[in-house]
Amino acid sequence: MKIISRSILTIMIFTFLTLALLSCEGIYVPVSVSVETPQPLYAAAQSTLAYGQNQLNELSRQSTMVGLSIAQAENAAEQATLDYNQRQLMDLAIRGTEVSQNMAQAAANQQFIIEQTQIVWNATATAQSQAATDTYSRYLLNVTQTAQAQAILSFHASETAQAVTALTAIPLTATPLAETQAAILFQQRKYERQSFWGEIVTPLKILLTTLIIILLITGGVLAFRRLMPVLEFRLRNPRRYGNLRPLYLMEGKFVDLAAKPNRLTPRNTHREFIHQPPIDGQAQVEILGPDDPSIINWITEAEQKLRANGRTQP
Amino acid sequence: MSVNRYFPAARYVAQAIPGILAQIGLKPFISRFVLTETQYGNAWLFVVLEVDPLIHPEDYTSCDTLDYLSTALNGLSIVVSDSYGLRYAVLLGSPHEILQVAETIIPRWVDALEGN
């Protein structure tokens with residue numbers, strides 16, 4: 001009997017402890033959720049859980065005390081006390097079960113609140129996104145409508161300008177007087193052009209033609225003068241070496257670069273001036289009169305220098 | 001009087017000048033000899049030179065050259081005429097020179113006759 005009651009008591013304690021742990025495991029405490037939760041309900045559930053935990057602890061302690069009383073009663077073999085304690089254990093078990101049920105209900109409430117909060121948050125975000133989308137759509141619509149309005153205004157402005165132009169031009173040509181004036185003005189301008197052409201352009205053409213002819217004649221004369229030495233050279237120097245050699249224009253003179261070197265060597269002009277004694281041994285002396293133009297200056301200069309030297313006096 | 005009376009003297013000078021120039025190291029670049037007589041009786045022999053500017057013409061016109069020529073030609077007056085060319089003007093004869101000679105020689109004859 002004693003063993004059976006102790007086993008029952010142990011089983012009940014384990015049951016209570018198991019229920020208490022299960023209820024604690026089911027508790028969900030949102031710490032990092034930033035959404036707003038209904039605080040009063042959540043706080044009520046939290047206090048319910050705390051209260052249930054305290055009650056479980058108290059029941060456990062009372063069960064232990066009852067167990068100790070049972071053991072003492074067994075030792076004292078007091079059957080009445082044992083019965084009383086058994087009934088008290090049954091009552092405590094019932095109350096623990098109720099407390100566990102309350103705690104499970106509070107945890108379920110808390111989870112429900114969290115889920116509802118998440119649903120509300122999602123709904124709010126969706127609503128905000130839809131609102132932003134609607135705003136952007138309205139903005140695009142407004143922009144499109146503005147562009148259309150501007151295009152319409154531009155079109156109206158161009159039409160207005162065309163209308164003004166038409167209204168301005170029509171009176172200028174539509175009336176017979178304006179048409180006559182335009183014809184007169186056209187004739188006047190035509191006469192002016194003809195007059196300008198006859199007074200300036202025609203004499204200018206004649207002058208330019210004359211100038212071109214003069215330039216052509218001058219060019220021909222210059223070319224003839226420039227090429228005349230070549231013709232003369234060719235006439236004086238027939239084809240001695242078979243083919244004609246090219247001539248080069250250097251400093252205004254035609255030069256035959258392919259000629260033999262001895263032809264380009266200048267003569268020694270002093271050789272002929274070196275006094276050579278005549279063959280008969282007599283020097284050649286010219287006799288000229290004092291009035292000869294070639295020696296008048298010589299005589300004058302010589303006599304001036306003779307007087308300057310003081311050797312003779314005229 | 002005709003200028004022909006100076007012709008022999010002119011020929012003599014014409015033959016002598018090239019040798020005289022050669023004696024002092026100058027090449028005789030002579031192109032012609034011209035004899036003339038002015039209305040005042042001066043007989044000039046012009047010795048026309050053709051000296052290249054690159055051969056130092058100043059050597060032909062220096063006083064030393066003229067003095068050497070005058071001395072070699074028995075004291076004939078020689079001047080340089082260098083306008084429009086280079087020439088020696090040799091005075092072969094002049095009435096003033098005759099007077100100068102007369103003024104020089106006649107006193108000597110008088111002295112000789114007087115026995116000095």
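Scroll up a little and you will see the structure.
All residue numbers refer to position in the chain's written sequence, counted from 1. For naming, the first written chain is A and the first written ligand is 1, with later ones following in the order written. Whole-chain, interface and lining totals are the exception, using all residues; otherwise, since this is a predicted model, local features are given only for residues with pLDDT of at least 70 and side-chain atom pairs are given and counted only at 80 or more.

Caption draft 1: Region of the structure containing the overall build of chain B. Strands are runs of DSSP state E lasting at least 2 residues, helices are runs of H or I lasting at least 4, and numbering of each runs from the N terminus. If you tally the helices and strands in chain B, you get four helices and four strands. Helices (α) and strands (β) of chain B occur, in sequence order from the N terminus, as α-β-β-α-α-β-β-α. Once local pairs closer than 6 in sequence are excluded, the contacts in chain B between residues at least 24 apart make up 52%. C-beta atoms are placed from the backbone for every residue, and two residues are taken to be in contact when these atoms lie within 7 Å.

Caption draft 2: Structural detail: helix 6 (residues 293-309) of chain A. Here, expected helix span is obtained from the residue count minus one, scaled by 1.5 Å. For helix 6 of chain A, with 17 residues, the first-to-last C-alpha span of 25 Å sits near the 24 Å given by 1.5 Å per residue. With C-beta atoms placed from the backbone, a residue counts as buried when 20 or more other C-beta atoms lie within 10 Å of its own, as exposed when 12 or fewer do, and as partly exposed for counts between those limits. Looking at helix 6 of chain A, one finds that the buried residues are Ile295, Trp298, Ile299, Ala302, Glu303 and Leu306 of chain A. Down the axis of helix 6 of chain A, the sector holding all buried residues measures 125°, keeping them to one side. Of the exposed residues in helix 6 of chain A, those oriented more than 90 degrees away from the buried face are Pro293, Asn297, Gln304 and Ala308 of chain A. Structurally, helix 6 of chain A contributes buried residues whose contacts are with strand 1 (30-37), strand 2 (43-49), strand 3 (77-81) and strand 4 (86-93) of chain B. In this description, the arc belongs to the directions extending from the helix axis to the C-beta atoms.

Caption draft 3: Quick look at the interface of chain A and chain B. Contact with chain A, which involves 27 residues of that partner, is made by 36 residues of chain B. With ten residues, the top contributor of residues to the side of chain A that touches chain B is helix 6 of chain A. As a working rule, the residues Ala, Val, Leu, Ile, Met, Phe, Trp, Tyr, Cys and Pro are called nonpolar, Asp, Glu, Lys and Arg charged, and the rest polar, with Gly in that last group. Residue classes in the side of chain A that touches chain B are distributed as 13 nonpolar, nine polar and five charged. In this scheme, strands are said to pair when DSSP sees at least two bridges between them. Relative to strand 1 of chain B, strand 3 (residues 286-287) of chain A is paired through two bridges, and the arrangement is parallel. The partner of Ile287 of chain A across the bridge, within strand 1 of chain B, is Leu35 of chain B.

Caption draft 4: Quick look at the pairing of strand 1 of chain B. Residue and element names in this part refer to chain B. Buried residues dominate strand 1, accounting for six of its eight residues. Where strand 1 meets strand 2, seven bridges bridge the pair, whose relative direction is antiparallel. The residue of strand 2 that forms the bridge with Ile30 is Leu49. What sits between strand 1 and strand 2 in their antiparallel hairpin is a turn of five residues, with Gly41 showing a positive phi close to 95°.

Caption draft 5: Representation of the sheet that holds strand 1 of chain B in the model. With mixed pairing, five strands are arranged side by side in an open sheet as 3(A)-1(B)-2(B)-4(B)-3(B). Each end of this open sheet is capped by a strand with a single partner; those strands are strand 3 of chain A together with strand 3 of chain B. As defined by bridge partners, strand 2 of chain B adjoins strand 4 of chain B across seven bridges and the pair is classed as antiparallel. Bridge pairing in strand 4 of chain B links Trp44 of chain B to Leu91 of chain B. Fitting a line to C-alpha atoms yields each axis, with helices limited to the stretch in contact; the angle taken between N-to-C directions then spans 0 to 180 degrees. The sheet contacts of helix 6 of chain A involve strand 1, strand 2, strand 3 and strand 4 of chain B, and relative to strand 3 of chain B the element is tilted by about 125°.

Caption draft 6: Region of interest: unusual backbone geometry. All names here are of chain B. A positive phi angle, close to 60°, is found at Asn74, a residue other than glycine. With respect to the helices and strands, the residue Asn74 is situated in the loop between helix 3 (63-72) and strand 3. Given 9 C-beta atoms within 10 Å, Asn74 falls into the exposed group. Phi is positive for Tyr84, close to 55°, though the residue is something other than glycine. Relative to the assigned elements, Tyr84 resides in the loop between strand 3 and strand 4.

Caption draft 7: View of helix 1 (residues 7-23) of chain B. Residue and element names in this part refer to chain B. For helix 1, with 17 residues, the first-to-last C-alpha span of 25 Å sits near the 24 Å given by 1.5 Å per residue. Given a residue, its bend is the angle between the two axes fitted to the seven residues that end at it and to the seven that start from it. Along its length, helix 1 shows its largest kink, about 30°, at Ala16, and proline Pro18 lies within four residues downstream of that point. Residues Ala10, Val13, Ala14, Ile17, Pro18 and Leu21 constitute the buried set of helix 1. On its buried face, helix 1 is in contact with strand 1, strand 2 and strand 4. Among the residues trailing helix 1, Gly25 stands out with phi positive, at a value near 80°.

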